[in-house]
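# Chain and residue survey
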Amino acid sequence: MNKTGIVIILLCFLAAIAAVLWERRKIRKTMEEIERMLDAAMTGSFSETNFDESQLSALETKFAHYLSAAEASSQNIAQEKDKIKTLIADISHQTKTPIANLLLYSELLMEETMPASAKANVEALYKQSEKLRFLIDSLVKLSRLENGIISLSPQQAALQPLLESVVEQYTAKASEKGLSLQMQDTDAFAVFDFKWTAEALANIVDNAIKYTEHGTITISAVSYEMFARIDISDTGLGIPETEQAKIFARFYRSNSVQKQEGVGIGLYLARQIISGEGGYIKVASVPGKGSTFSIFLPK
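These remarks concern the structure in this document.

Rules and cut-offs
- Each residue is numbered by its place in its chain's sequence as written, counting from 1.
- Residues qualify for local features only when their pLDDT is at least 70, as the model is predicted, and side-chain atom pairs are given and counted only at 80 or more; totals for whole chains, interfaces and linings, by contrast, use all residues.
- Side-chain descriptors were evaluated using all non-hydrogen atoms of the structure, hydrogens and water having been removed beforehand.
- Helix numbering and strand numbering both begin at the N terminus, where a helix is a DSSP run of H or I of at least 4 residues and a strand a DSSP run of E of at least 2.
- Burial here depends on accessible area, computed with a 1.4 Å probe over protein chains only, as a share of the maximum for the residue type. Under 20% is buried, over 50% is exposed, and the range in between is partly exposed.
- Residue contacts are counted whenever heavy atoms from the two residues lie within 4.5 Å of one another.
- Using the Shrake-Rupley algorithm and a 1.4 Å probe, accessible areas are obtained, with residue cover drawn only from the displayed protein chains.
- Fitted lines through C-alpha atoms give the axes, limited to the stretch in contact for helices. The angle between two N-to-C directions lies from 0 to 180 degrees.
- Roughly parallel refers to an angle under 35 degrees, roughly antiparallel to one over 145, roughly perpendicular to one between 65 and 115, and oblique to any angle outside these ranges.
- Handedness of a crossing is defined here by the sense of rotation of the near helix relative to the far one, left-handed for an anticlockwise turn of less than a right angle and right-handed for a clockwise turn.
- The salt bridge definition used is simple: a Lys or Arg side-chain nitrogen within 4 Å of an Asp or Glu carboxyl oxygen.
- Buried residues of nine kinds, namely Ala, Val, Leu, Ile, Met, Phe, Trp, Tyr and Cys, make up a nonpolar core once their side-chain atoms join them within 4.5 Å.
- DSSP calls a pair of strands paired once it identifies at least 2 bridges connecting them.
- Note that patches include only residues with greater than 30% relative accessible area and no salt bridge, and the join distances are 9 Å for like charges and 5 Å for nonpolar side chains (Val, Leu, Ile, Met, Phe, Trp, Tyr).
- Note on aromatic pairs: the rings of Phe, Tyr and Trp (six-membered ring only in Trp) are paired at centre separations within 6.5 Å, and the planes decide the class, stacked below 30 degrees, edge-to-face beyond 60, tilted for the rest.

### Quick look at the overall build of the protein
- When you go through the protein residue by residue, the secondary structure sums to six helices and seven strands.
- Across the protein, helices and strands are ordered from the amino to the carboxyl terminus as α-α-α-β-α-β-β-α-β-β-α-β-β.
- The proportion of buried residues among the 299 residues of the protein is 33%.
- For the protein, restricting intrachain contacts to residue pairs at least 6 apart in sequence, the fraction spanning at least 24 positions comes to 68%.
- For the protein, the accessible surface area stands at approximately 18,800 Å², while carbon and sulfur atoms represent 57% of it.

Listed below in structure tokens is the structure:
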């Protein structure tokens, strides 16, 4: 090959390298511009700067349209949340007095002298009114949690006072049914919202009392490196393995417990509270022998 051919090959090679370097430079510049656009979008200061016919300009225009649509969607969500807040407040306010009156008049009627059949009807009316009050209270609490009206405020604290408060609340109810409610002392700590975690534990303990005919309900806690675990164990009916994944669903009630009191929202509410604190709930159960609900809270 003569010198002219070699020169031509070298020139072509250099031109190819130059083209590659130019494309890389364009790509790097484009990536830097996209990064600038994303940074500006995150701070809310994005605006179109390129008004030529390039692809980058078209990308900026589409990005601006997307952000505008996202902002409008965010405003719509905020407005809907405000409407829900108002609706929840109205429901809570408008139903509180009628239900309180139903309970009051039922109690007054039960003090009157009446036939046994009428007395049974009044007692049934009282129980259903109590059930209605519990359902509405639970739904209001759940809606407030789901819509951010109530925010959890987890703080690091000892678990002993939390467990003691739940035991104190339910000892009498367990005794009325002939059950023993026991608690093992603990020095474990965790990060949790005292009020709402107590609500979650109370729902689980209430279920344990409801579905245990005889025996013992035990509350204990153990500490791990990353989590603290609270166990609530009972000697009750137990839960079939096929239903264990369903019991935390809203309004779910097993066919085997349909005759028992309840509306199927307590476990759902408990899971919402615990997950909102960065924790989770597990259940282990053997039908006919009992169940253990384990609540894991971050440390």
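There's more to say after this.
### Considering the environment of Lys246
- Inspection of the secondary structure assignment puts Lys246 in the loop between strand S5 (227-233) and helix H6 (266-276).
- The class of Lys246 is partly exposed, set by a relative accessible area of 42%.

### Considerations on the packing of helix H5 (residues 194-210) against H6
- It is the contact of H5 with H6, at a shortest axis distance of 9 Å, that shows an interaxial angle of 150°. By the angle between their axes, H5 is roughly antiparallel relative to H6. Between H5 and H6 lies a crossing of left-handed hand. Along the contact surface, H5 presents Trp196, Thr197, Glu199, Ala200, Asn203, Ile204 and Asn207, while H6 presents Gly266, Leu267, Leu269, Ala270, Ile273 and Ile274.

### What about the pattern of salt bridges?
- One pass over the structure, following the stated rule, counts five salt bridges.
- With a closest N to O distance of 4.0 Å, Glu213 and Lys177 form a salt bridge. Highlighted residues: Glu213 in the loop between H5 and strand S4 (216-223) and Lys177 in the loop between helix H4 (160-176) and strand S2 (180-183), separated in sequence by 36 residues.
- One salt bridge in this structure joins Lys210 and Asp206, with 3.6 Å as the shortest N-O distance. On the criterion of helical spacing, the pair formed by Lys210 and Asp206 is a turn pair, its members being four residues apart in helix H5.

### Digging into the nonpolar core
- The biggest cluster of nonpolar side chains holds 45 residues, and the ones touching the most others in it are Leu159, Ile219, Ile230, Phe293 and Ile295.
- Here this core gets nine residues from one element, more than from any other, and that element is H5.
- Apart from residues lying up to four places away in sequence, Phe293 is in contact with Ile204, Ile230, Asp231, Ile232, Ile239, Ile247, Phe248, Leu267, Ile281, Lys282 and Val283.

### Here's the deal with the pairing of strand S3 (residues 189-192)
- Where burial is concerned, the two faces of S3 differ: the one with Ala190 and Phe192 is buried and the one with Phe189 and Val191 is not.
- With four bridges joining them, strand S1 (residues 155-158) and S3 adopt antiparallel strand pairing. Pairing of Ala157 across the sheet is with Ala190, part of S3.

### Focus: the environment of Ala157
- With respect to the helices, strands and loops of the structure, Ala157 is situated in strand S1.
- The class of Ala157 is partly exposed, set by a relative accessible area of 26%.
- In this view, Ala157 contacts Ala188, Phe189, Ala190 and Phe192; residues no more than four positions away in its chain are not counted.

### Notes on a nonpolar patch on the surface
- A contiguous nonpolar patch, built from Leu104, Tyr105 and Leu108 and spanning about 300 Å² of accessible area, is present on the exposed surface.
- Considering the arrangement of structural elements, one finds Tyr105 in helix H2 (residues 55-110).

### Quick look at the side chain of Thr197
- Locating Thr197 in the fold gives a position in helix H5.
- Contacts of Thr197, omitting those with residues within four sequence positions, involve Leu162, Phe192, Ile273, Ile274, Glu277 and Leu297.

### A word on the packing of aromatic side chains
- This structure, assessed with the given rule, holds three aromatic pairs.
- On the numbers, 5.7 Å between centres and 75° between planes, the contact of Phe227 with Tyr280 is edge-to-face. Linking Phe227 in strand S5 with Tyr280 in strand S6 (residues 280-286), this pair joins segments that are 53 residues apart in sequence.
- A residue is classified by how much of its surface remains accessible, and Tyr280, at 37% relative accessible area, is partly exposed.

### Comments concerning the sheet that holds S4
- Ordered in space as S2-S4-S5-S7-S6, the five strands form an open sheet in which the pairing is mixed. Lying at the two open borders of the sheet, with one neighbouring strand each, are S2 and S6. Adjacent strand axes in the sheet meet at a mean angle of 15°, parallel and antiparallel pairs treated alike.
- Of the pairings in the sheet, the one linking S6 to strand S7 (residues 290-298) comprises seven bridges and is antiparallel in character. The residue bridging Lys282 from the neighbouring strand is Ser294, located in S7.
- Strands S2, S4 and S5 of the sheet are contacted by H4, whose axis makes an angle of about 170° with S2.

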